[in-house]
Amino acid sequence: MNNYTDDQRLLLETVQKFMADEIYPHEEKVDKLGYVPEEIGKQIEKKSIEIGLFSANLPQEVGGGGLDYGSMVLLEREYGKTSHALHSWIARPTEILLACNDAQKEEYLYPCVKGEKRELFALTEPDAGSDIMSMKSNAVKDGNDWILNGSKHFISGPCLPDFAIVFAVTGEDDTPRGKRKRITAFLVDVGIEGFDIREGTKCISYKGYKNFQLSFNDVRLSEDKILGQEGNGLSLSGKWLGMGRIWVGATCCGKAERILDLALDWASSRKQFGKPIGSFQATGFKLADMKMNLRAADLLVRDAVTKAVDGIMEDQDAAIVKVFCSEMLNKVADDTVQIFGGMGLMEEMPIERLWRDSRLERIWDGTSEIQRHIITRSMLRPLGA
Ligand SMILES: Cc1cc2nc3c(=O)[nH]c(=O)nc-3n(C[C@H](O)[C@H](O)[C@H](O)COP(=O)(O)OP(=O)(O)OC[C@H]3O[C@@H](n4cnc5c(N)ncnc54)[C@H](O)[C@@H]3O)c2cc1C
């Protein structure tokens, strides 16, 4: 993993220094408090704007940093070493906002790029998680407007947003496979009549990262609040979800590397029976497996990024990365707790927090089971099954 260009090496040094100065010092406090104090979040936001990490994922034409996928993956891997509660203050606005028309760019995209506004991506509902097509949120045409009703939950972000990108059913299409819901993405401002947003239940992974419950009660939206075209919400989100899964893979690799370092440190310093515990094969082989699987995961991420750059990445590539990297991370975290013994479960050790944080990665952005379903489908569908 060291054939970086000079620019990438510089980027890596910059982000590592930023993490050491602005992020790591707050990890323990934020986890204990269960929230990110406003001044810490704002400080991360301000400093990341100053050094060009903010909105680095978006093209320069819209004011972003214009980093290519190969460079973004380096950043995401470093961010993965810490908590979402902290690194999400370094915004990477969702690329779905690039579908904004000119007026929407002024109102939503550019302010997000500059750190003046925050968005949420609202797809999941209480009764529609993995099965997103069972979505009940809907918008019905009323003159030139749309009337939105329904609810969303588990919609996450670092702080209360300014608006949400909300997916809702706006009709039904006939397809060769039968009837299919037509889903549209809307830009819905926080504060408008009928839109209620409140914090959801506390999550034990990434304490301090917020998740919100959204409810819409006859929310009136003008036609110009549609993002993209009416009915193309799923293709918009699908495009973004694919790369999102690659970023999850990269963050998992970063976190696993950090955990492996902790495991090595403990295995070489903790002595039992007069020897470092790493010298017992049962411990040493765990370390070897961690190293092998982390290497494999990094290579899978790199392979998928190469395909994405070449425009040939398929759903199954993203699914393979997501499931392999998140399960690799969970095994690394769990084995490291084992290597730490009783100390692995004590709050004063960072491994306990990293272990808790790791667990979410197998669930969000599509569970491991759903990723396996995507991989299976990609093999069987061409065979007519
Ligand atoms: C902290 C957090 C933040 C999140 N942030 C966001 C966000 O910002 N925006 C957003 O839209 N969503 C967000 N989510 C939602 C997340 O993507 C969903 O939780 C995830 O997709 C799983 O849905 P579910 O929780 O409803 O589980 P369910 O769909 O109810 O699944 C429960 C179990 O059943 C299994 N299962 C379901 N269907 C199948 C099947 N066909 N085959 C095999 N097994 C199956 C699942 O794999 C899982 O093990 C977030 C979730 C969390 C926890």
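Residues numbered from 1 in each chain as written. Predicted model: local features only at pLDDT ≥ 70, side-chain atom pairs only at ≥ 80, totals over all residues. Heavy atoms only, no water.

Notes on the domain arrangement of the protein chain
Quoted interface sizes are often the accessible area lost when the parts come together.
Stage number 1. Domain boundaries in the protein chain define domain 1 (6-92), domain 2 (118-230) and domain 3 (235-383).
Stage number 2. Relative placement of domain 1 and domain 3: their C-alpha centres are 21 Å apart.
Stage number 3. The partner domain 3 presents 22 residues to the 15 residues of domain 1 that form the contact.
Stage number 4. Together domain 1 and domain 3 conceal approximately 1600 Å² of surface at their shared face, both sides included; 56% is due to carbon and sulfur atoms.
Stage number 5. Considering only the side of domain 1, the residues that lose the most area to domain 3 are Tyr69, Arg77 and Lys81, jointly responsible for 39% of the buried surface there.
Stage number 6. For the interface between domain 1 and domain 3, the tally reads 6 salt bridges.
Stage number 7. Asp298 serves as the salt-bridge partner of Arg77, at 2.9 Å between the closest nitrogen and oxygen.
Stage number 8. Put simply, domain 1 and domain 3 have 8 residue pairs in polar contact (both at pLDDT 80 or more) between them.
Stage number 9. Looking at the side of domain 1 that touches domain 3, the elements with two or more residues in it are α2 (27-33) and α4 (69-79).
Stage number 10. Ranked by the residues each element gives to the side of domain 1 that touches domain 3, the list is headed by α4, at 6 residues. (Domains from an automatic or database assignment. Contact = heavy atoms within 4.5 Å. Buried area = accessible area lost by both parts, 1.4 Å probe. Salt bridge = Lys/Arg side-chain N within 4 Å of Asp/Glu carboxyl O. Polar contact = N/O pair within 3.5 Å; in protein donor to acceptor, adjacent residues only side chain to side chain. Helix = DSSP H or I, 4+ residues; strand = E, 2+ residues; numbered from the N terminus.)

Quick notes on the packing of helix α7 (residues 233-269) against helix α8 (residues 281-309)
Between two packed helices, both the angle of their axes relative to each other and the distance between the axes serve to describe the pair.
Stage number 1. In the contact formed by α7 and α8, the axes pass within 10 Å of each other and the chain directions differ by 155°. When the interaxial angle is binned, α7 and α8 end up roughly antiparallel. Between α7 and α8 the crossing geometry is left-handed. Contacts between α7 and α8 pair Met243, Ile246, Gly249, Ala250, Cys253, Ala256, Glu257, Leu260, Ala263, Leu264 and Ala267 from the former with Thr283, Leu287, Met290, Lys291, Leu294, Ala297, Asp298, Val301, Ala304, Val305 and Ala308 from the latter.
Stage number 2. Considered class by class, the residues forming the contact of α7 with α8 number 17 nonpolar, 2 polar and 3 charged. (Axes fitted to C-alpha atoms, helices over the stretch in contact; angles between N-to-C directions. Parallel < 35°, antiparallel > 145°, perpendicular 65-115°, else oblique. Left-handed = near helix turned anticlockwise from the far one by under 90°. Nonpolar A, V, L, I, M, F, W, Y, C, P; charged D, E, K, R; others polar.)

A short note on the site of the ligand
Stage number 1. Neighbouring the ligand are 15 residues; Thr124, Ser130, Phe154, Thr367 and Glu369 lie closest to it.
Stage number 2. In the model, a nitrogen atom of the ligand is placed 2.7 Å from a nitrogen or oxygen of the Thr124 side chain.
Stage number 3. Relative to its unbound accessible area of 980 Å², the ligand is 63% covered by the protein chains.
Stage number 4. For the shell around the ligand, the secondary structure elements donating two or more residues are β3 (145-157) and α11 (368-380).
Stage number 5. Of all the elements, β3 adds the most residues to the shell around the ligand, at 3 residues.
Stage number 6. By residue class, the composition of the shell around the ligand is 8 nonpolar, 5 polar and 2 charged.
Stage number 7. If you count residues domain by domain, the shell around the ligand takes at least three from each of domain 2 (118-230) and domain 3 (235-383). (Near = heavy atom within 4 Å. Areas by Shrake-Rupley, 256 points an atom, 1.4 Å probe, with all protein chains shown as cover.)

Remarks on the nonpolar core
Stage number 1. If you look at the biggest cluster of nonpolar residues, it comprises 61 residues, and the most contacted ones within it are Ile44, Leu53, Leu75, Ile246, Val301 and Ile339.
Stage number 2. Those elements giving two or more residues to this core turn out to be α1 (6-23), α3 (38-50), α4, α5 (84-87), α7, α8, α9 (315-340) and α10 (350-359).
Stage number 3. If one sorts the elements of this core by residue count, α7 sits on top with 13 residues.
Stage number 4. Excluding residues within four positions of it along the chain, Ile246 makes contact with Val301, Ala304, Val305, Met313, Ala318 and Val321.
Stage number 5. Formed by 24 residues, the second largest nonpolar core is a distinct cluster that contains Val62, Val113, Phe121 and Leu234. (Core = buried A, V, L, I, M, F, W, Y, C linked by side-chain atoms within 4.5 Å. Buried < 20%, exposed > 50% of the residue type's maximum accessible area, 1.4 Å probe, protein only.)

So, the side chain of Asp31
Stage number 1. Inspection of the secondary structure assignment puts Asp31 in helix α2.
Stage number 2. A polar contact is formed between the side chain of Asp31 and the side chain of Arg356, at a distance of 2.8 Å.
Stage number 3. Apart from residues no more than four positions distant in its own chain, Asp31 is found in contact with Lys207, Arg353 and Arg356.

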